[in-house]
Amino acid sequence: MLYKIVQYNPTTKILIWKITESFDEFFSQVILKEKTLERLQSMKSEVHQRAFLSVRKLLQEAGHNDLQLHYDEFGKPHLENETHISITHSFDFSAIILSDENVGIDIELRREKVILIAEKFVDESEFRFLDKEKKEDYVSRLTVIWGIKEAIFKIRNEKGISFKDHIFVAPFEMKDQKTKALLTFANLNIEFDVCFEEIEDYTLVYAFQKGNQ
Ligand SMILES: CC(C)(COP(=O)(O)OP(=O)(O)OC[C@H]1O[C@@H](n2cnc3c(N)ncnc32)[C@H](O)[C@@H]1OP(=O)(O)O)[C@@H](O)C(=O)NCCC(=O)NCCS
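Values in this document were obtained by computation on a predicted structure and should not be read as measured data.

Calculation rules
- Residues numbered from 1 in each chain as written.
- Predicted model: local features only at pLDDT ≥ 70, side-chain atom pairs only at ≥ 80, totals over all residues.
- Heavy atoms only, no water.
- Pairing = 2+ DSSP bridges.
- Helix = DSSP H or I, 4+ residues; strand = E, 2+ residues; numbered from the N terminus.
- Axes fitted to C-alpha atoms, helices over the stretch in contact; angles between N-to-C directions.
- Contact = heavy atoms within 4.5 Å.
- Domains from an automatic or database assignment.
- Buried area = accessible area lost by both parts, 1.4 Å probe.
- Salt bridge = Lys/Arg side-chain N within 4 Å of Asp/Glu carboxyl O.
- Nonpolar A, V, L, I, M, F, W, Y, C, P; charged D, E, K, R; others polar.
- Parallel < 35°, antiparallel > 145°, perpendicular 65-115°, else oblique.
- Left-handed = near helix turned anticlockwise from the far one by under 90°.
- Expected span 1.5 Å × (residues − 1).
- Buried < 20%, exposed > 50% of the residue type's maximum accessible area, 1.4 Å probe, protein only.

Quick look at the sheet that holds strand 8 (residues 167–169)
On the basis of which strands lie adjacent, the open sheet formed by five strands has the order 7-11-10-9-8 and antiparallel pairing. Edge positions in the sheet fall to strand 7 (103–109) and strand 8, since each has one partner strand and no second. Along the sheet, successive strands turn relative to each other by an average axial angle of 25°, direction set aside. Bridge count between strand 10 (residues 188–199) and strand 11 (residues 202–209): eight bridges; the pairing is antiparallel. In the strand pairing of strand 11, Glu-197 is matched with Leu-204. Sheet strands touched by helix 6 (residues 135–156): strand 7, strand 8, strand 9 (178–185), strand 10 and strand 11. Its angle to strand 7, the strand with the most contacts, is close to 145°.

Details of the domain arrangement of the chain
Splitting the chain by domain gives domain 1 (2–100) and domain 2 (106–209). Of note, the centres of domain 1 and domain 2, computed from C-alpha atoms alone, are 23 Å apart. Each partner contributes residues to the interface: domain 1 has 22 residues there, and domain 2 has 16 residues. Summed over both partners, the interface of domain 1 with domain 2 comes to about 1500 Å²; 60% of that surface belongs to carbon and sulfur atoms. For the domain 1 face of the interface with domain 2, the top three residues by lost area are Lys-76, Thr-88 and Phe-93, together amounting to 29%. On inspection of domain 1 and its partner domain 2, the count reaches two salt bridges. Where the side of domain 1 that touches domain 2 is concerned, the elements lending two or more residues are strand 1 (2–9), strand 2 (12–18), strand 5 (84–90) and strand 6 (93–99). Per-element tally for the side of domain 1 that touches domain 2: the top contributor is strand 5, with five residues. Split by residue class, the side of domain 1 that touches domain 2 holds eleven nonpolar, six polar and five charged.

Concerning the sheet that holds strand 2
Read across the sheet, four strands follow the order 1-2-6-5 without closing on themselves; strand pairing throughout is antiparallel. Where the open sheet ends on each side, the last strands, each with one partner, are strand 1 and strand 5. Each adjacent strand pair in this sheet contributes to an overall mean axis angle of 10°, direction not counted. Sheet topology places strand 1 next to strand 2; six bridges connect them, and they run antiparallel.

Points about the packing of helix 4 (residues 114–121) against helix 6
Relative placement of two packed helices is described by the angle separating their axes and the distance separating the axes. Running from N to C, helix 4 and helix 6 cross one another at 45°; their axes reach a closest spacing of 10 Å. When the axis of helix 4 is compared with that of helix 6, the two are oblique. The handedness of the crossing between helix 4 and helix 6 is left-handed. Mapping the contact onto sequence places Val-114, Ile-115, Ala-118 and Phe-121 in helix 4 and Lys-135, Tyr-138, Val-139, Leu-142, Thr-143, Ile-145, Trp-146 and Lys-149 in helix 6. Residues that form the contact of helix 4 with helix 6 fall into these classes: nine nonpolar, one polar and two charged.

Regarding helix 6
A rise of 1.5 Å per residue sets the reference length of helix 6, with its 22 residues, at 32 Å; its end C-alpha atoms lie 32 Å apart and thus fit the reference within 8%. Burial analysis of helix 6 places 16 of its 22 residues in the buried class, which makes it a mostly covered element. One or two steps after helix 6, the chain reaches Asn-157, where phi turns positive at roughly 55°.

What to know about the packing of helix 2 (residues 34–42) against helix 3 (residues 46–61)
Orientation of helix 2 relative to helix 3, taken along the N-to-C sense of each, is 155°, at an axis distance of 9 Å. One finds that helix 2 runs roughly antiparallel with respect to helix 3. Judged by the twist between their axes, the crossing of helix 2 over helix 3 is right-handed. Where helix 2 abuts helix 3, its residues Thr-36, Arg-39, Leu-40 and Gln-41 lie against Gln-49, Phe-52, Leu-53 and Arg-56. A class-by-class count of the residues in the contact of helix 2 with helix 3 yields three nonpolar, three polar and two charged.

What follows is the structure, encoded as structure tokens:
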């Protein structure tokens with residue numbers, strides 16, 4: 001079911017789906033091109049297939065459809081008109097963002113196991129504003145940081161970007177629902193404005209690139 005539409009600004013929309021439908025329900029409601037059908041059939045899990053189909057429902061809710069969606073060689077999605085699109089799915093939820101600006105989106109299930117991999121994606125400057133003692137808040141903020149780095153990766157789509165060494169998140173509290181981030185890579189410093197919110201057991205993050213590098 002359509003969970004929520006956020007009209008973030010006049011040219012940016014976020015659409016969120018809660019995946020409750022069966023494969024057949026989805027399948028009867030979406031327009032798919034041949035290439036998409038082939039990809040759908042090649043997916044091993046039905047959970048993945050339903051998530052993939054829910055994204056087509058979101059596209060249709062936004063007045064587009066699968067015929068206008070194309071992937072480049074890296075797997076990054078593009079819409080036929082000039083609007084930027086980014087896509088995410090995780091278990092029960094999927095989301096898309098459509099914008100005139102260069103944007104990326106990510107949704108993650110919050111899990112304690114993020115603590116175990118924190119060293120791999122969190123920089124020293126970020127550890128300094130996190131508080132490991134407050135466990136729930138620690139998991140929440142680690143998940144936001146992870147989501148920000150995924151969303152920025154989706155915008156830049158460049159080989160060699162390390163979450164820990166090249167993307168830096170500015171200090172934030174969960175109640176802020178926004179922060180900033182910096183990508184330092186290939187002799188460029190690129191800034192991003194970031195928004196985040198918790199939806200049930202999930203964390204939704206979207207990032208806007210500032211400037212046109
Ligand atoms: C590509 C990547 C960003 C996808 O993220 P994910 O959390 O696995 O999955 P999500 O559901 O959030 O996103 C999947 C969607 O991202 C989009 N996507 C895939 N590759 C992409 C790319 N190169 N650029 C932009 N978007 C991409 C697709 O739309 C895809 O969904 P679809 O194929 O069903 O349309 C991720 O797999 C990846 O490669 N991350 C970088 C890994 C990394 O550097 N990790 C460091 C760990 S320390």
